[in-house]
Amino acid sequence: MSNNVHLGHRARKRFGQNFLHDHNVIDGIVAAIAPDNDHVMVEIGPGLGALTEPVADQIEQLNVVELDRDLAERLRHQPGWGRKLTIHEGDALKFDFNQLAEPGKQMKVFGNLPYNISTPLMFHLFETVDNIHSMHFMLQKEVVNRLCAGPGHKNYGRLTVMAQYYCRVMPVLEVGPGCFTPPPKVDSAVVRLMPYAEKPHPADELKVLERVVATAFTMRRKTLRNNLKGDLNDEEFASLGIDPALRPERISVAQYVAMANLISRRKAG
């Protein structure tokens, strides 16, 4: 049996499929997710059901979003736990997760995300979905390092600032390539994202914050003064208590929001 055929399903390169098979890792992820019937449980990209089955075993109903028709069909016909699944076939990047909402219940979302869609998918969830309690995602380890970095760290960047604007972010566990079939060429890790009910540093206009963060990080080696020329002058930096001679990775989420809000208010005023 070749290493990319698993339970009779051939992993598809175009879907970025790598199937998890290490039971200790699976148990650790399921424990972190903490499946229960008090939340709407949602899995993105269940694949061959490595996480789906142990999660479904603990609850009454599980929503899954799967792009690969063959895999959706296979899940539908699983004896026993297959009947607990509500399967939504389609692209998670275009899927309206709010349609899964139930009154009085927050969502717990999880998935082993294909590397090529992980960042846009996280932003799709941050920006469009109300009422998420937690998200647990398996990602490339370097992406998890970026999500969790603090100011001043080499991994701190645009993704860090925007993810931490929306969520508390915590690494959960690391997963080596040998835990997958076929083994990916990179290390993986699981991250926990807990969206803030009340954002500690709310932006007046999200679009302005996104633009300021993107502009600040266009050239990491240059100073804020250089990268944000035309957006903020030295007096404005001084009024915010921000040193414009610093590089973008030294600036906290709160400071990025303060810069964006100054620009929004100046425009409005």
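The rules behind these values
Residues numbered from 1 in each chain as written. Predicted model: local features only at pLDDT ≥ 70, side-chain atom pairs only at ≥ 80, totals over all residues. Heavy atoms only, no water. UniProt positions renumbered as here; feature names shortened; annotations may be inferred. Helix = DSSP H or I, 4+ residues; strand = E, 2+ residues; numbered from the N terminus. Rg over C-alpha atoms; globule rule 2.2 N^0.38 Å. Buried < 20%, exposed > 50% of the residue type's maximum accessible area, 1.4 Å probe, protein only. Contact = heavy atoms within 4.5 Å. Areas by Shrake-Rupley, 256 points an atom, 1.4 Å probe, with all protein chains shown as cover. Lys, Arg positive; Asp, Glu negative; His and termini not counted. Charge placed at Lys NZ, Arg CZ, Asp CG, Glu CD. Pairing = 2+ DSSP bridges. Axes fitted to C-alpha atoms, helices over the stretch in contact; angles between N-to-C directions. Core = buried A, V, L, I, M, F, W, Y, C linked by side-chain atoms within 4.5 Å.

An unreviewed UniProt entry lists the protein under the name Ribosomal RNA small subunit methyltransferase A, with Ferrimonas pelagia given as the organism. Listed under Subcellular location (unreviewed entry) in UniProt, the entry text for the protein is "Cytoplasm".

### Let's talk about the overall build of the protein
For the protein, the count of helices and strands is 10 helices and 11 strands. Scaling as 2.2 N^0.38, a compact globule of 269 residues should have a C-alpha radius of gyration of about 18 Å, and the protein matches this with 21 Å. Taken along its principal axes, the extent of the C-alpha atoms in the protein is 65 × 40 × 30 Å. A burial count over the protein gives 48% of its 269 residues as buried. Residue pairs in contact within the protein that sit at least 24 positions apart in sequence constitute 66% of those at least 6 positions apart. Approximately 13000 Å² of the protein is accessible, and the part contributed by carbon and sulfur atoms is 49%. Of the charged side chains in the protein, 32 are positive and 31 negative; the average position of the first set lies 7 Å away from that of the second.

### Concerning the sheet that holds strand β5 (residues 62–66)
Sheet architecture is open: 7 strands sit in the order β6-β5-β4-β7-β8-β11-β9, paired in mixed fashion. With one partner strand each, in any of the chains shown, β6 (85–89) and β9 (167–175) form the two edges of the open sheet. Geometrically, the sheet is characterised by an average inter-axis angle of 20° between neighbouring strands, direction not taken into account. Two strands pair when backbone bridges link them, and strand β7 (residues 107–112) and strand β8 (residues 132–140) are joined in this way by 6 bridges, in the parallel orientation. Residue pairing across strands places Met107 opposite Ile132, the latter belonging to β8. Where helix α1 (residues 23–33) meets the sheet, it contacts β4 (40–44), β7, β8, β9 and β11 (188–195), and its direction lies at approximately 165° from that of β9. Running at roughly 115° to β9, helix α6 (residues 158–166) makes contact with β9 and β11 of the sheet.

### Some points on the nonpolar core
Buried together is how nonpolar side chains tend to be arranged in soluble globular proteins. Counting 57 residues, the largest nonpolar core has Phe97, Leu125, Phe137, Tyr256 and Met259 as its most contacted members. Non-local contacts of Phe97, meaning those with residues more than four positions away in its chain, are made with Val42, Ile44, Val65, Ala92, Met107, His124, Leu125 and Val129. If you look at the next biggest cluster of nonpolar residues, it comprises 24 residues, including Ile26, Leu85, Met138 and Cys179.

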